[in-house]
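# Structural overview for review
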Amino acid sequence: DICKNCVCVFDHHCPWTGNCIGLRNHTVFLRFLLGLTVYSVFVFIFCVMVLLDDMGSIPGLYPMEKFTKAVVLYPINTCILIISFFVTAGMIPF
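Here's a quick rundown of the structure. (Residues numbered from 1 in each chain as written. Predicted model: local features only at pLDDT ≥ 70, side-chain atom pairs only at ≥ 80, totals over all residues. Heavy atoms only, no water.)

## A look at the side chain of asparagine 77
- Within the fold, asparagine 77 resides in helix H3 (residues 75–91).
- When its relative accessible area of 14% is taken as the criterion, asparagine 77 is described as buried.
- Those residues in contact with asparagine 77 that lie beyond four places of it in its chain are Cys47, Val50, Leu51 and Asp54. (Helix = DSSP H or I, 4+ residues; strand = E, 2+ residues; numbered from the N terminus. Buried < 20%, exposed > 50% of the residue type's maximum accessible area, 1.4 Å probe, protein only. Contact = heavy atoms within 4.5 Å.)

## Re the nonpolar core
- Counting seven residues, the largest nonpolar core consists of Val43, Cys47, Leu51, Met55, Ile58, Ala70 and Leu81.
- Looking at which element gives the most residues to this core, the answer is helix H1 (residues 26–56), with four residues.
- With sequence-adjacent residues up to four places away left out, methionine 55 is seen in contact with Pro63, Lys66, Phe67 and Ala70. (Core = buried A, V, L, I, M, F, W, Y, C linked by side-chain atoms within 4.5 Å.)

## Observations regarding the environment of alanine 70
- In this structure, alanine 70 sits in helix H2 (residues 63–73).
- Through-space distance from the C-alpha of alanine 70 to that of leucine 51 is 6.7 Å; in sequence the pair is 19 residues apart.
- Filtering out sequence-adjacent residues up to four positions away, alanine 70 remains in contact with Leu51, Met55 and Ile58.

## Overview of the packing of aromatic side chains
- Counted under the stated rule, the structure contains three aromatic pairs.
- On the basis of an interplanar angle of 20° and a centroid distance of 6.3 Å, the ring pair of phenylalanine 42 and phenylalanine 46 is categorised as stacked. Taken together, the residues span about one helical turn, with phenylalanine 42 and phenylalanine 46 both in helix H1 at a distance of four residues.
- A residue is classified by how much of its surface remains accessible, and phenylalanine 42, at 54% relative accessible area, is exposed.
- Ring plane angle 40° and centroid distance 6.0 Å describe the contact between phenylalanine 44 and phenylalanine 85, whose orientation is recorded as tilted. A residue pair is termed long-range when its members are at least 10 positions apart, and phenylalanine 44 in helix H1 and phenylalanine 85 in helix H3 qualify at 41 residues.
- The class of phenylalanine 44 is partly exposed, set by a relative accessible area of 28%.
- Phenylalanine 85 gets classed as partly exposed once you look at its relative accessible area, which sits at 43%.
- Of the aromatic side chains, those joined through ring pairs into one cluster are Phe44, Phe85 and Phe86. (Phe/Tyr/Trp six-rings, centres within 6.5 Å; stacked < 30°, edge-to-face > 60°.)

Dropping the structure here:
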């Protein structure tokens, strides 16, 4: 519909890549999705590791208290953690 170039039955225009996904380029599109998933998992794990490291440097008695302080003190890490979680969860086929 958008590019007037999608001709086969299962072809469609993908807004993420800006081109048609069809019979000729399924493997390229699947590699793109796999790379995006691996990158999102890496970012998620790295953000969790940084948050745990930050929790270790905050004085407190209870782990939940340390967690809430780390979330408040480092909001950018928390935002990236949440975004990468939803991107990673969105890539898992249901």
